[in-house]
Amino acid sequence: SMASPALLMRVVASAYSVAEKAATIVRNVMSAGDLGIVEKAGPNDLQTKADRLVQMSICASLARKFPKVTIIGEEELPSDDVTEDLIEDGHCEEILKKPCPAQYTGIKEEELVIWVDPLDGTKEYTEGLLDHVTVLIGIAYGGKAIAGVINQPYYNYEAGANAVLGRTIWGVLGMGAFGFQLTEAPAGKHIVITTRSHSNALVNECITALNPDTVIRVGGAGNKIIQLIEGKASAYVFASPGCKKWDTCAPEAILHAVGGKITDIRGNPFQYNKEVKHMNSAGVLATLRNYDYYASRIPNTVKESLVP
């Protein structure tokens, strides 16, 4: 008889279905019209009914199946009983059929940490920039992002009434990433993608130093990593402490699974063990290719201003 799938593959297969359920919730909240917006730390730090419902759905669904896994979500929410209609019990069969990379076959539940951003790009969601929005489920082991699921609830939303809305991208280190067409940015072009709503002098000084051909300003960390792996941008640069572990865990796993690289602005890798502080206080530098080119051009003044 076939051995049952390794824990990691079961978690990823469940996270895939859980992310698809999350996307349905996101779209339902938007189409119902009452976003239930709450300001957290200020006008650029918003929470909507979708953030709240999606986080409850993801965390409760995964905790029910994998009770010993540590799950850390962005939103501070009461741990009340979650209604059954928010629970997703399914899994993606296609993922379960794939063999687990050998280095991860022995993982135990209590060794995994799942970082959840229920709705990355909340501000953009409230403004109707729907293609910026992602649902992020990142899976870490030994402090390292090893697997991730990114759902884009509104992928294709401008393609007309008959288009299939939404898609799910997933990846595992040592296996690759799926659900999109891996594309490199045009050779010799320096297209820098950065924050849309969290700009400041340091962010801009850093970008100017890279002498880019083009600068793209969009919301959402998940969205920016997708732009890298689909060849729309060559580097994601954010010289500011705004980003958190739940923003980078899933995108990092997918980017690394296809040979890209993400670090803070000083070149340090991110840690994802459950005790780690949530803020990526030294910013973000990510590329699919040519990481060293961009890293070597970050000014020392910028590096010195950002303390890990």
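Keep in mind that this is a model prediction, so the values were computed, not measured. (Residues numbered from 1 in each chain as written. Predicted model: local features only at pLDDT ≥ 70, side-chain atom pairs only at ≥ 80, totals over all residues. Heavy atoms only, no water.)

Q: Can you walk me through the overall build of the protein in this structure?
A: Assigned secondary structure in the protein consists of nine helices and 13 strands. Against the globule reference of 19 Å for 308 residues, the protein gives a C-alpha radius of gyration of 18 Å, in line with a compact fold. Over its C-alpha atoms, taken along the principal directions, the protein stretches across nearly 55 × 45 × 40 Å. The contacts of the protein with a sequence gap of at least 6 include a subset with a gap of at least 24, amounting to 72%. In the form shown here, the protein has an accessible surface area of approximately 13,100 Å², with 50% of it arising from carbon and sulfur atoms. The averaged location of the 35 negative side-chain charges in the protein is 5 Å from the averaged location of its 29 positive side-chain charges. (Helix = DSSP H or I, 4+ residues; strand = E, 2+ residues; numbered from the N terminus. Rg over C-alpha atoms; globule rule 2.2 N^0.38 Å. Contact = heavy atoms within 4.5 Å. Areas by Shrake-Rupley, 256 points an atom, 1.4 Å probe, with all protein chains shown as cover. Lys, Arg positive; Asp, Glu negative; His and termini not counted. Charge placed at Lys NZ, Arg CZ, Asp CG, Glu CD.)

Q: Looking at this structure, I do not really get the sheet that holds strand β10 (residues 214–217). What am I missing?
A: Working definition: the strands of a sheet are paired by backbone hydrogen bonds and lie parallel or antiparallel to each other. Judged by pairing direction, the sheet is mixed, and its five strands sit side by side in the order β10-β9-β11-β13-β12 without closing on themselves. Bordering the open sheet on either side are β10 and β12 (261–263), each of which pairs with just one other strand. For this sheet, the mean angle separating the axes of adjacent strands, direction not counted, is 20°. In this structure, strand β9 (residues 191–194) lies alongside β10, joined through four bridges in parallel fashion. Looking at β10, one finds that V192 is bridged to V215. Packed onto the sheet, helix α5 (residues 201–209) meets β9, β10 and β11 (235–238) and runs at close to 170° relative to β9. The sheet strands contacting helix α7 (residues 245–257) are β12 and β13 (284–287), and the helix crosses β12 at an angle near 145°. (Pairing = 2+ DSSP bridges. Axes fitted to C-alpha atoms, helices over the stretch in contact; angles between N-to-C directions.)

Q: Honestly, the sheet that holds strand β5 (residues 134–141) in this entry has me stumped. Any pointers?
A: Read across the open sheet, the six strands follow the order β3-β4-β5-β6-β7-β8; overall the sheet is mixed. The sheet is open, and its two edges are formed by β3 (70–73) and β8 (176–178), each paired on a single side. With direction set aside, neighbouring strand axes in the sheet form an average angle of 15°. Two strands pair when backbone bridges link them, and β5 and strand β6 (residues 144–152) are joined in this way by seven bridges, in the antiparallel orientation.

Q: When you look at the packing of aromatic side chains in this model, what are you seeing that I'm missing?
A: Each aromatic ring pair is characterised by the separation of its centres together with the angle its planes make. Per the counting criterion, the structure on display carries six aromatic pairs. Arranged with centres 6.4 Å apart and planes meeting at 70°, the rings of W115 and Y272 form a pair that is edge-to-face. Linking W115 in strand β4 (residues 112–120) with Y272 in the loop between β12 and β13, this pair joins segments that are 157 residues apart in sequence. Y272 carries the same exposure label as W115, and that label is buried. (Phe/Tyr/Trp six-rings, centres within 6.5 Å; stacked < 30°, edge-to-face > 60°. Buried < 20%, exposed > 50% of the residue type's maximum accessible area, 1.4 Å probe, protein only.)

Q: Can you walk me through the UniProt feature "binding site: Mg(2+)" (unreviewed entry) in the protein in this structure?
A: UniProt's feature table lists "binding site: Mg(2+)" (unreviewed entry) at E74, D117, L119, D120 and D247, given in the numbering used throughout. Look at the named residues: they lie 174 residues apart in sequence, but the longest C-alpha span between them is just 9.6 Å, so in the fold they bunch up. Among residues more than four places away in sequence, those in contact with E74 are K40, Q55, V116, D117, P118 and W246. If you trace the backbone, D120 turns up in strand β4. We classify D120 as buried; its relative accessible area is 5%. Setting aside its immediate chain neighbours within four residues, D120 contacts H132, V133, T134, L136, G220, A221, G222, N223 and D247. (UniProt positions renumbered as here; feature names shortened; annotations may be inferred.)

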